[in-house]
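Read off the chains here:
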Amino acid sequence: MIKRQVISRLGMVVLASSPLFFGVAQAADKTGQQVVQEVCANCHVSGKDGAPIIGDVGAWTKHSKNGLIKLTENAIAGIGKMPAHGGQANLTDLEMSRAVAYMVSAGKAKDPNKPYASPSRVTGEQLVAERCTVCHESGKEGAPRIDDFAAWKPRLQKGVENLVQSAIKGHKAMPSRAGMANLSDTDLRNAVTYLIVQSATYKPKS
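Residues numbered from 1 in each chain as written. Predicted model: local features only at pLDDT ≥ 70, side-chain atom pairs only at ≥ 80, totals over all residues. Heavy atoms only, no water.

A. Spotlight on the overall build of the chain. Tallying secondary structure elements over the chain gives nine helices and zero strands in all. If you list the helices and strands of the chain from N to C, you get α-α-α-α-α-α-α-α-α. Put simply, of all contacts in the chain between residues at least 6 apart along the chain, 63% involve residues at least 24 apart. (Helix = DSSP H or I, 4+ residues; strand = E, 2+ residues; numbered from the N terminus. Contact = heavy atoms within 4.5 Å.)

B. Quick peek at the layout of surface pockets. Of the pockets and cavities examined, the largest pocket occupies roughly 740 Å³. Residue assignment for the lining of the largest pocket shows that the elements contributing at least two residues are α6 (124-136), α8 (160-169) and α9 (185-200). It is α6 that contributes the most residues to the lining of the largest pocket, six residues altogether. Split by residue class, the lining of the largest pocket holds 18 nonpolar, six polar and six charged. Its volume calculated, the second largest pocket comes out at about 620 Å³. The wall of the second largest pocket is formed by 30 residues, among which His 44, Ala 51, Pro 52, Ile 79 and Met 82 lie closest to the centre. Among the secondary structure elements, those contributing two or more residues to the lining of the second largest pocket are α2 (32-44), α3 (57-63), α4 (68-77) and α5 (93-104). The greatest single-element share of the lining of the second largest pocket, amounting to five residues, is contributed by α2. Considered class by class, the residues forming the lining of the second largest pocket number 15 nonpolar, nine polar and six charged. (1 Å grid on protein atoms, 1.4 Å probe; cavity = no way out; pocket = protein on both sides within 12 Å on 5 of 7 lines; lining within 4 Å. Points joined across faces, edges and corners; volume = space filled by probe spheres on them. Nonpolar A, V, L, I, M, F, W, Y, C, P; charged D, E, K, R; others polar.)

Listed below in structure tokens is the structure:
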């Protein structure tokens, strides 16, 4: 019964932190123009490495023929010589979507309030096993251990989404997106959720 209550409470926190409840952008999110000026302009102004030039309607029409969702997925994961998240892992999927909207429309489109895409390529369990346990299993560099819910409790005071943002942006010794720029916000949200649930329901091996 206790375990069910713990999972139920966590479920409410996780649900409230899901993308469905975040239709309005957080204050820290950059505009499409800001992202383009700070990151994308390095290639998309000159056409470096074949990047479509901002303002070239024909080039952008060709690149967006499969829709803004696919274009955003490519921007998030990286394609060809374009690095994942434009080489800036701390940019959110929403910020990447805004940059796409800005470039495709030559600055005429309004910034979207939701990401065009946030593809999931790995489960939370897989990501935790393959990457997160490097620190969260032993508590390396002060990371809360996966078997220590007491260490997670104070970090949950501001909600699961706050932890997800820390995973995206990086926090102290933890690099942005766990050092894997091609991970989407959804991938990280799934991993954080998995870590918390496993921590809350952890039972020592007999």
